[in-house]
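# Analysis of the macromolecular model
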Amino acid sequence: MTMTQSTLNKVMHERKSVRKYDPQFKIPKSQIEELLLEATSAPSSSNLQPWRFLVIQDEAIKKELRPIAFNQEQVVTSSAIIAVLGDIEMYKNVEEVNNQNFELGYMDEATKNMMIENSLKLYSNLPEEVLTNIATFDAGLISMQIMLLAKDMGYDTVPMGGFDKNAFAKRFELPDHIKPILLIAIGKAAVPAHNSSRLPLEKIAKFI
């Protein structure tokens, strides 16, 4: 069976990184809420869902953010900036997550208790660097879903890893266990995004 031109396949190829936005276009808060809710279907380590979001729509705050984001224009011209954050104390939610799974009938009580015990034992003893790597990886998974869903809704995005994370954490008074990972600009493109090439498959994949 070969891959068909499904809706997902079409959206994947239509999604491009857009840096020029219509500054007059504003996405309703309700649509961004819907977008984030749908994106949380992404997988995460032990289903601990370490992602957190700070959605910046206020024009004055976006102007403050611009120098923190190394003066990138799309910070102020896009409709909103979705700051993707990672909670490295994600394991503290293990009881809430697994109790909910049990109540919904997704697992039996023995599995629930095992998951809670094993996750607390493992994650609570990991060094901060490892926990940060886990949260960053999971944030990447949900960020891709955000960008694909946004395109499916008719909006454009660009991910920005280039920003002063220490300055961001200070400006938005993030607690030590919440790490800034990625900024995603979202809005309506003012000019079409340009295409970009990809390395050939034989250079990036090996079958053994």
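You'll find the structure just up there.
Before going into details, it helps to say that this report is about the structure given with it. All values derive from a computational prediction rather than experimental measurement.

Reading the values: rules and limits
Residues numbered from 1 in each chain as written. Predicted model: local features only at pLDDT ≥ 70, side-chain atom pairs only at ≥ 80, totals over all residues. Heavy atoms only, no water. Helix = DSSP H or I, 4+ residues; strand = E, 2+ residues; numbered from the N terminus. Expected span 1.5 Å × (residues − 1). Buried < 20%, exposed > 50% of the residue type's maximum accessible area, 1.4 Å probe, protein only. Arc of directions from axis to C-beta. Contact = heavy atoms within 4.5 Å. Pairing = 2+ DSSP bridges. Axes fitted to C-alpha atoms, helices over the stretch in contact; angles between N-to-C directions.

For helix α6 (residues 109-123), spanning 15 residues, the distance from its first C-alpha to its last is 21 Å, which sits close to the expected 21 Å at 1.5 Å a residue. Burial in α6 covers these residues: Lys-112, Ile-116, Ser-119 and Tyr-123. Down the axis of α6, the smallest arc covering the buried residues is 80°, so these residues share one side. Opposite its buried face, α6 presents the exposed residues Ala-110 and Lys-121, each directed more than 90 degrees away. The elements touched by buried residues of α6 are α5 (94-103) and α7 (128-152).

The next point concerns the environment of Leu-174. As for its placement among the helices and strands, Leu-174 is situated in the loop between α8 (165-171) and β4 (178-187). The sequence separation of Leu-174 and Asp-22 amounts to 152 residues, and the corresponding C-alpha distance is 30 Å. Setting aside residues no more than four positions away along its own chain, Leu-174 makes contact with Leu-85, Phe-168, Ala-169 and Pro-180.

Attention shifts here to the sheet that holds strand β1 (residues 51-56). The strand order across the open sheet built from 4 strands is β1-β2-β4-β3, with neighbouring strands paired in antiparallel fashion. At either end of the open sheet lies a strand with only one pairing partner, and these are β1 and β3 (156-160). If you compare each strand with its neighbour and ignore which way they point, the axes differ by 25° on average. Note that strand β2 (residues 80-87) and β4 share 8 bridges and pair antiparallel. Within the sheet, the bridge partner assigned to Leu-85 lies in β4 and is Pro-180. Packed onto the sheet, helix α3 (residues 59-68) meets β1, β2 and β4 and runs at close to 115° relative to β1. Along the sheet face, α7 touches β1, β2, β3 and β4 and points at about 10° away from the line of β4.

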